[in-house]
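Here is what each chain is made of, one letter per residue.
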Amino acid sequence: MKITGFETFIVPPRWLFLKIETDEGIVGWGEPIVEGKALTVQTAVHEMMDALVGKDPLRIEDHWQVMYRGGFYRGGPILMSAISGIDQALWDIKGKYYNAPIYQLLGGACRDSIRVYSWVGGDRPDDVGRAALEKKNAGFEAVKMNATEELQFIDSYEKIDQVTERIAAIREAAGPYFGIGVDFHGRVHKPMAKALAKALEPYRLMFIEEPVLPENNEALREIANHTSTPIATGERMFSRWDFKKLLESGYVDIIQPDLSHAGGITECKKIFAMAEAYDVAVAPHCPLGPIALAACLQVDATAYNAVIQEQSLGIHYNQGNDLLDYLDDPSVFGYEDGHVRIPQGPGLGISINEEVVRKMAETGHRWRNPVWRHRDGTVAEW
């Protein structure tokens, strides 16, 4: 079997899909995307695919190593996201070739489903108590929300009080054992992160996420000393080499690699295994489309330390098109009792509605994240 060609599709709300074709008629789908940089990643995909056309798609490990090591410059969000989507599509082909879900080719499943959480509150969190109750009534057992709007290095405790009021509203609405993840989103610098982590301690959170920017991960030691709440980070880390020092530090409890950013199925399976050796849990980042979620679930099925899965159904970014719109069978992601079933079909286990993909690619998107500024005019972390 040989790779004969490929196509990329920029589709709303903010995604990039990849289709790889073979001479045996088997096609594979991937989702190589950096949110806000779809055209840039699309170019990287086209550059990398030049070396793959005419090759055997089943030699995934070799292709991964060539894509990573064959370029003198490596790593980072763009190149690793391009590798990720290609890798997903190659695994999709391989699963279809052997008529088995990908997890069977990775050693088999150790679970039938995985817990999921839903988003509430949007970029500027508001009315989260009501929203969390709606998610609970819809069957979810956990939600995640952004903690705060923009914060200066040293800012007002009024903003910290506003965060605790919102968390208290969720606790009151959804109950004492409902899961709450609070995403600092890298908006919070170390001085305020310490204060905020301590203030949130009484609410028994599921985790606090990215309490500082990943380039400041050394600060996790000090933050960990201010709270017993599990600390999660990793969505902006792109390879096992990025995660190596973080895991060695001992100050992270949950890592959150993104299977569309951190090297795809091949690399993330290795990252998950590294984390298990350090007694660290995994909660893959995935505010993206159906291909990315399917890839996550295939690896989740094989990973003992995977504890909960992010998914984008109803997320505030999905304006106009949502997670299930590009699937032939939306029921493949069967949400029940706060969990989602692992897809059982061959490959990724999903069937992409190519007619819808092509139609929506005519519309495309130019999604960009907002640029915020503080009152003094300095740019703020979004």
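This structure is a prediction, so every number in the text was calculated from the model and none was measured.

Engineer: Any chance you could explain the pattern of salt bridges here in plain terms?
Structural biologist: Pairing between side chains of opposite charge can happen when their charged atoms approach one another. Under the defined criterion, the tally for this structure stands at 20 salt bridges. Put simply, glutamate 267 and arginine 240 hold a salt bridge, and the shortest N to O gap is 2.7 Å. Pair noted here: glutamate 267 is in helix H10 (residues 264-277) and arginine 240 is in helix H9 (residues 240-249), with a separation of 27 residues, a long-range link. Close ionic contact of glutamate 354 with arginine 358 constitutes a salt bridge, the shortest N to O distance being 2.8 Å.

Engineer: Where do I start with empty space enclosed by the protein in this structure?
Structural biologist: In this approach the atoms are scanned with a rolling probe the size of a water molecule, which exposes any empty space left behind. Across all of its chains, the model carries one cavity of 30 Å³ or more by this definition. Looking at the largest cavity, its volume works out to about 40 Å³. Lining the largest cavity we find Gly36, Lys37, Ala38, Leu39, His365, Arg366 and Arg368. Split by residue class, the lining of the largest cavity holds two nonpolar, two polar and three charged.

Engineer: What's the story with the packing of aromatic side chains in this structure? I'm lost.
Structural biologist: One pair of aromatic rings is described through two measures. These are the centre distance and the angle between the planes. Applying the stated criterion to the full structure yields 13 aromatic pairs. Here phenylalanine 17 and tyrosine 326 contribute two aromatic rings whose centre-to-centre distance is 5.4 Å and whose plane-to-plane angle is 85 degrees, an arrangement assigned as edge-to-face. Of this pair, phenylalanine 17 sits in strand S2 (residues 15-22) while tyrosine 326 sits in the loop between strand S11 (309-310) and strand S12 (335-336), placing them 309 residues apart in sequence. Looking at phenylalanine 17, the relative accessible area reads 0%, which means it is buried.

Engineer: Before we go on, may I ask you to explain the packing of helix H2 (residues 60-69) against H10 in this structure?
Structural biologist: In a pair of packed helices, the angle between the axes and the distance between the axes together describe the arrangement. Interaxial distance between H2 and H10 falls to 9 Å at its minimum, and their mutual angle equals 90 degrees. Taken together, the axes of H2 and H10 lie roughly perpendicular to each other. Counted together, Ile60, Glu61, Trp64 and Gln65 of H2 and Thr266, Glu267 and Lys270 of H10 form the full contact between these two elements.

Engineer: Is there a simple way to think about H2 in this case?
Structural biologist: Buried within H2 we find Ile60, His63, Trp64, Gln65, Met67 and Tyr68. Buried-residue contacts for H2 involve helix H1 (38-49), helix H3 (76-97), H9 and H10.

Engineer: Quick question: what am I supposed to make of the environment of glutamate 222 here?
Structural biologist: Counting through the fold element by element, glutamate 222 comes out in helix H8 (residues 220-224). Judged by relative accessible area, glutamate 222 falls into the partly exposed class, the value being 30%. As a C-alpha pair, glutamate 222 and alanine 273 span 51 residues in sequence and 26 Å in three-dimensional space. Aside from chain neighbours lying at most four places away, what touches glutamate 222 is Lys190 and Lys194.

The rules behind each value
Residues numbered from 1 in each chain as written. Predicted model: local features only at pLDDT ≥ 70, side-chain atom pairs only at ≥ 80, totals over all residues. Heavy atoms only, no water. Salt bridge = Lys/Arg side-chain N within 4 Å of Asp/Glu carboxyl O. Helix = DSSP H or I, 4+ residues; strand = E, 2+ residues; numbered from the N terminus. 1 Å grid on protein atoms, 1.4 Å probe; cavity = no way out; pocket = protein on both sides within 12 Å on 5 of 7 lines; lining within 4 Å. Points joined across faces, edges and corners; volume = space filled by probe spheres on them. Nonpolar A, V, L, I, M, F, W, Y, C, P; charged D, E, K, R; others polar. Phe/Tyr/Trp six-rings, centres within 6.5 Å; stacked < 30°, edge-to-face > 60°. Buried < 20%, exposed > 50% of the residue type's maximum accessible area, 1.4 Å probe, protein only. Axes fitted to C-alpha atoms, helices over the stretch in contact; angles between N-to-C directions. Parallel < 35°, antiparallel > 145°, perpendicular 65-115°, else oblique. Contact = heavy atoms within 4.5 Å.

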